[in-house]
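# Analysis of the macromolecular model
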Amino acid sequence: MKVDGSSDLLGESGKLIEGLPEDYRYSAPAKVAIGEEREREGDEELFVPPLNFAMVDNGIFRSGFPDSANFTFLQSLSLRSILYLCPEPYPEANSDFLKDNGVQLFQFGIEMSLFVNIPEETIREALKVLLDVRNHPILIHCKRGKHRTGCLVGCLRKLQRWCLTSIFDEYQRFAAAKARVSDQRFMELFDTSSLKNLPSSFPCSSR
């Protein structure tokens, strides 16, 4: 049998038949297999990380604000805790996700403005939560994972004895064009002396 002068429509089982429109280019057994494969792909859950997601250290992650599209990805991290750095109440959908997955929320509301100084004591208290391996795996996030999250991670890096150049490079990689001199000055002047007795390196952790 010929179709518009092209090669045979019926070929060997599963064989691609050249010279036909796409809907007719596969023999019947191949069409069934392709349909099943597409169904499987449709059923697969997508793992979409939040904005600005990255691993900071063993058991420590950072990102922007997660939404429902990111929940499947967050489940794959087996989080114990989320360290939230914004003053606004946590959205209901996110709170339900934490409850359903046994994740503890630590909130340290930091107002972020060019005209408001970052509260050093709040960062210090957040670091204590971050350094406690009982809270790992833990995700740090603010709105976009740039300034508040960047300052907290930068202060962690000071505890880990990173040089300022490396701390600022990491901060700028996430803040990009939004990098603030005031944030970098805060990290430079942050006093780590009261936290030096806490661990600042972490073994690979599992929930």
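Quick look at the structure, then. Bear in mind that the values here come from a model prediction, so they are computed numbers and not experimental data.

Bringing the pattern of salt bridges into the picture now. A full pass over the atoms with the stated rule returns seven salt bridges. Close ionic contact of E120 with R124 constitutes a salt bridge, the shortest N to O distance being 2.8 Å. Taken as a pair, E120 and R124 lie in helix 4 (residues 120–131) at a separation of four residues, close to a single helical turn. You can call E120 partly exposed: its relative accessible area is 30%. Taking the shortest distance from any N to any O, the salt bridge between E188 and R185 comes out at 3.7 Å. Of this pair, E188 and R185 both sit in helix 7 (residues 181–189), three residues apart, which is roughly one turn of that helix. Residues participating in the shared-partner salt-bridge network are E120, E121 and R124.

Before going further, it helps to spend a moment on the packing of aromatic side chains. Counted by the stated rule, this structure contains seven aromatic pairs. Judged by centre distance (5.7 Å) and plane angle (20°), the ring pair of F53 and F61 falls under stacked. Under the relative-accessibility criterion, F61 is labelled buried at 11%. Here the aromatic rings of F53 and F73 are separated by 4.9 Å at their centres, their planes lie at 85°, and the arrangement is edge-to-face. Remark: F73 occurs in helix 2 (residues 71–76) and F53 occurs in the loop between helix 1 (28–43) and strand 1 (54–57); sequence separation between them is 20 residues. A residue is classified by how much of its surface remains accessible, and F73, at 13% relative accessible area, is buried.

Scoring rules and cut-offs
- Residues numbered from 1 in each chain as written.
- Predicted model: local features only at pLDDT ≥ 70, side-chain atom pairs only at ≥ 80, totals over all residues.
- Heavy atoms only, no water.
- Salt bridge = Lys/Arg side-chain N within 4 Å of Asp/Glu carboxyl O.
- Helix = DSSP H or I, 4+ residues; strand = E, 2+ residues; numbered from the N terminus.
- Buried < 20%, exposed > 50% of the residue type's maximum accessible area, 1.4 Å probe, protein only.
- Phe/Tyr/Trp six-rings, centres within 6.5 Å; stacked < 30°, edge-to-face > 60°.

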